[in-house]
Amino acid sequence: MFTNCSLGHCHIIIAVVLWSICVDSRKIRGISLSYKRFYRERKSFLCIDGSKMIPFDQVNDDYCDCVDGSDEPGTAACPNGRFYCTNLGYRSHYIPSSRVNDGICDCCDASDEYRSQTPCQNTCRNLGQRERAEVEGQMRVLGEGLRLKQQLIEEGVLTWREKQAQLRDLQRVSDDLQTQLDDLRKEEARRKEEADALREREIGALETADNSPTSHYRTESPINVFKELDSNRDGSITVDEVQAKVSPVQDEEHALSEDEAVALLGGAHRVDLSRFEETLWTSLRTGDTVTIKGRHGVPGSLADEDPNIKAAVSAAEKAAADLKRVEDAYETVYMEIRDLREKLSIDYGSEREFLFLHNQCFQLKVHEYIYELCPFSQVTQKSASGEVVSLGKWGSWAGSPEKQYYQMRYESGEPCWQGPTRNTMVMLICGTETALRSVKEPSKCQYVMELQTPVSCQPALRQRGIHSEL
């Protein structure tokens, strides 16, 4: 090997080879690049916590000299020591030094089993490729989620503006209807007063013009009066029926005697319609002696037949119908305004990105139960028998100040049997579609759900590294 070199040159080459072997034999295992400065070859070694100075040849000599275990990064001598897995091509990490040379492969680069009999394979490259593929998939999902989120933000802003404009329009309609209501109430009252006044005047005029009992029979036909007196509807009037319904003009409380009744019927005990017209009907129309009980006073129906009164009543009824129609319209608009204001009072995120969730519900079946989440409304649980139990009503956002819109709190559900009131916490996670992904009950009647949605995606500040140090 050294036959062609001069004696001086051969000495130099041999010295370099021996120095390389020596340096390699003194390689400090189990430390990261950031800690290599503490393990530079010197005569002495200072424990990293500064508690003790030892000779450098006592580093990794399988005996624990430093309290912090820093002198044995590559052995299992110190109970609190840790070994650094470089794992080139994958993620670097620390393991307890007690796992060094224990026959179990903990580092994917097999560096922790350098003296054991276990044949560890270096799997870092395969693991790194697999994780990189996973990360790339996650980044693609994140990118698509962010794109969808931006669309939902734009739609949310437009919808918010539309709802604000709709509220303003409804408020104007409400104001107009209120004005109409005020006018129609006055109109309806005026029309009713006019109809009542006309009717009262007409009734008074009729009473003044004709205050005798005969006024009842001038406009009536004998047939109607006959039917009124014929109580048993047998087509004839008897003495008993006359005594029951006919009385003297001057004293309605006085009952006619049988002879008086017979005389009114022309000396007969029963008369038909034709005989009635010749006898009792003549006495009733004259009105001097007898009348039908309860016929004093002017019937309101006579006054109601007046065309002026009919027109006034019709106008009052139309005014009342118009008032009812506008009152119904006002009630409908009022309910729409109330619902819209309630909707706009909810916090839908700093950019209205969660507005699209309003009036939507998402279901997930877990065992025999169907769970339903209606964002900003309620959470329910439906059993196989169809019984629905409330797991909480919308309360508020429950995230931290930095991540306020990552958790939703639903409170005051139905009480558990001998337990607390049911409550639900909804965790929002990033995804390309909006769906309920999981339901758990970590403690009695306290539920945790995961709702996947694009609006929970956030731009990655930095892609997770495959390895932190090389």
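Per an unreviewed UniProt entry, the recorded name for the chain is Glucosidase 2 subunit beta, and the organism is Salmo salar.

Let us look at helix α9 (residues 307-344). Here α9 spans 55 Å end to end across 38 residues, near enough to the 56 Å set by a 1.5 Å rise per residue. Considered for burial, the residues of α9 that qualify are I309, A312, A316, A319, D322, L323, V326, V333, I337, L340, K343 and L344.

On to the nonpolar core. Residues F354, L373, F376, V426 and M449 are the most contacted members of the largest nonpolar core, which totals 37 residues. When contributions to this core are tallied by element, the ones reaching two or more residues are α2 (124-209), α9, β10 (369-374), β12 (388-397), β13 (407-411), β14 (423-430), β15 (435-443) and β16 (446-453). Of all the elements, α2 adds the most residues to this core, at seven residues. The next biggest cluster of nonpolar side chains, apart from the first, holds 19 residues, and it includes L264, L265, F276 and L284.

For the rest of this paragraph, the subject is the state of the cysteines. Think of a disulfide as a covalent bridge from one cysteine sulfur atom to another cysteine sulfur atom. Under the criterion given, the structure shown has eight disulfides. The disulfide that involves C47 links it to C66, with 1.9 Å between the sulfurs. Taking the sign of the torsion about the S-S bond as the criterion, the disulfide between C47 and C66, at about -80°, is left-handed. Of this pair, C47 sits in the loop between β1 (44-46) and β2 (53-55) while C66 sits in the loop between β2 and β3 (82-85), and the two are 19 residues apart along the sequence. C47 sits in the buried class, given a relative accessible area of 1%. Classification of C66 by relative accessible area gives buried; the value is 3%. There is a disulfide in this structure between C416 and C445, and the S-S distance comes to 1.3 Å.

Throughout the structure, instances matching the rule amount to 17 salt bridges. The partner of R191 in a salt bridge is E187, with the nearest N and O atoms 2.8 Å apart. Of this pair, R191 and E187 both sit in helix α2, four residues apart, which is roughly one turn of that helix. E194 is paired through a salt bridge with R191; the nearest N and O atoms lie 3.9 Å apart. Of this pair, E194 and R191 both sit in helix α2, three residues apart, which is roughly one turn of that helix. In this structure R191 comes out as partly exposed when scored by relative accessible area, which is 27%. One connected set of salt bridges, linked through shared partners, spans E187, R190, R191 and E194.

Here is what the cut-offs are and how they apply
One numbering rule holds for all chains: residues counted from 1, following each sequence as written. Predicted model: local features are reported for residues with pLDDT of at least 70 only, side-chain atom pairs are reported and counted for 80 or more only, and whole-chain, interface and lining totals are derived from all residues. Computation of side-chain values covers all heavy atoms of the structure but excludes hydrogens and water. Think of it this way: any DSSP run of H or I at least four residues long counts as a helix, any run of E at least two long counts as a strand, and we number them from the N terminus. How far a helix is expected to stretch is found by multiplying one less than its residue total by 1.5 Å. Only protein chains enter the accessibility calculation, which uses a 1.4 Å probe; a residue whose area is less than 20% of its type maximum is buried, one above 50% is exposed, and one in between is partly exposed. Throughout, nonpolar core names a set of buried Ala, Val, Leu, Ile, Met, Phe, Trp, Tyr and Cys residues whose side chains join them through atoms within 4.5 Å. Cysteine sulfur atoms are paired as a disulfide whenever they fall within 2.5 Å. Every case where a carboxyl oxygen of Asp or Glu lies within 4 Å of a side-chain nitrogen of Lys or Arg is listed as a salt bridge.

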